[in-house]
Amino acid sequence: MKVTRLPDVERGRKRSVAVGTFDGVHLGHREVIKGADSVLTFDPHPVSVVAPQHTPKLLTTPQRKAELVASLGVQELIVIPFDAEFAQRSAGEFIDEILVGALNARRVSIGENFRFGHKAQGDPRLLAADERFDTDVHPLLEVDGEIVSSSHIRGLVLAGEVAEADRLLGASFQLSGEVAHGDERGRELGFPTANLIPDEALVCPGHGVYACLANCRAPGGADGEELCLPAAVSIGVRPTFKTGRGELIEAYILDFAGDLYGSELRLEFLARLRGERRFEDPASLIEQMHRDVERTREIAAAH
């Protein structure tokens, strides 16, 4: 799939375009995108520009969003660099200059709650009234009586309900980052961990222990083997020990021994095992960690 920033878009080619922020590319978004050959989205999230005090923690990085959109068979992802100047465009200008002028849209697909243009004055009715293209307006998707939305899924992730979040996303919720040095406390306990520092811009699962799949490249540079192994992942501040550190993501990767410092690690969250708790002594913690590892192995095997 080709990823293009709006100023560089190829002009003249007719497009069937799905338009939206699409954070998470969840099941509702997938209905909007279905059948489109192009997806038009925004970076950064428009709320971070027009009302920064309400900026949401995101479900996906731009890279992850592109990966998910590509998996749907879309030919091109077009990214609008959203800034204060772009936010001043009227709804009419957005239609005339972007959808018609730049993208030559023959079909536009949106969700029923899509708003656009200065002060969100544009809505589906305005698009549907334009005879230069066909407009498909998709109703909000409901699953088990609950509307599927990015904000609802963010709430699930924050609550640790990652299995339900995965179901509504249509893919696993993921976090990734460079493996950082920690206190090596896990190594002392017999469970060496690969540590990630949470990205402040992204939603992070609530404190607790999770069954995950860890994707990383084994040491050896660009030619290193790609690994996908079960991982028992702890998110929190490690209440059994006084460390002085803030929140940390610690992944114990099963059946792996090696140095991943500086490597990129991607964690796919499958299920929450338990909440974070304080143990009376390290021995009790180690006993529980053995149980966490075995449960992780079972969940990963069934995934």
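Look above for the structure.
Residues numbered from 1 in each chain as written. Predicted model: local features only at pLDDT ≥ 70, side-chain atom pairs only at ≥ 80, totals over all residues. Heavy atoms only, no water.

Asker: Quick question: what am I supposed to make of the pairing of strand β11 (residues 208-217) here?
Answerer: The two faces of a sheet get side chains in turn, since along a regular strand they alternate between them. With nine of ten residues buried, β11 lies mostly within the body of the structure. Bridge count between β11 and strand β12 (residues 226-236): ten bridges; the pairing is antiparallel. Looking at the pairing, Gly208 lines up with Ile235 of β12. In terms of strand pairing, β11 meets strand β14 (residues 264-275) through nine bridges, oriented antiparallel. (Buried < 20%, exposed > 50% of the residue type's maximum accessible area, 1.4 Å probe, protein only. Helix = DSSP H or I, 4+ residues; strand = E, 2+ residues; numbered from the N terminus. Pairing = 2+ DSSP bridges.)

Asker: Just checking my understanding: could you explain the pattern of salt bridges for this structure?
Answerer: If charged atoms from side chains of opposite charge come close, those side chains can pair. With the rule as written, the count across this model stands at 20 salt bridges. Note that Glu200 is salt-bridged to Lys57, the shortest N-O span being 3.4 Å. A residue pair is termed long-range when its members are at least 10 positions apart, and Glu200 in the loop between β10 (194-196) and β11 and Lys57 in the loop between α2 (47-50) and α3 (62-70) qualify at 143 residues. With a closest N to O distance of 2.4 Å, Arg64 and Glu67 form a salt bridge. Of this pair, Arg64 and Glu67 both sit in helix α3, three residues apart, which is roughly one turn of that helix. Of the residues examined, Glu67 reaches a relative accessible area of 34% and is grouped as partly exposed. Through salt bridges with shared partners, a single network forms among Arg13, Arg15, Asp37, Glu76 and Arg106. (Salt bridge = Lys/Arg side-chain N within 4 Å of Asp/Glu carboxyl O.)

Asker: Looking at this structure, how should I read the sheet that holds strand β13 (residues 248-253)?
Answerer: In a beta sheet, neighbouring strands are held together by backbone hydrogen bonds and run either parallel or antiparallel to one another. The sheet built from six strands is open, its strands ordered β9-β14-β11-β12-β13-β10 with antiparallel pairing. Here the strands that pair on one side only, and so sit at the sheet edges, are β9 (173-178) and β10. With strand direction ignored, the average angle separating the axes of adjacent strands in the sheet is 35°. Taken together, the three bridges between β10 and β13 define a ladder with antiparallel strand orientation. Pairing of Asn195 across the sheet is with Glu250, part of β13. Of the strands in this sheet, β11, β12, β13 and β14 touch helix α10 (residues 282-302), which is tilted by about 110° from β14. (Axes fitted to C-alpha atoms, helices over the stretch in contact; angles between N-to-C directions. Contact = heavy atoms within 4.5 Å.)

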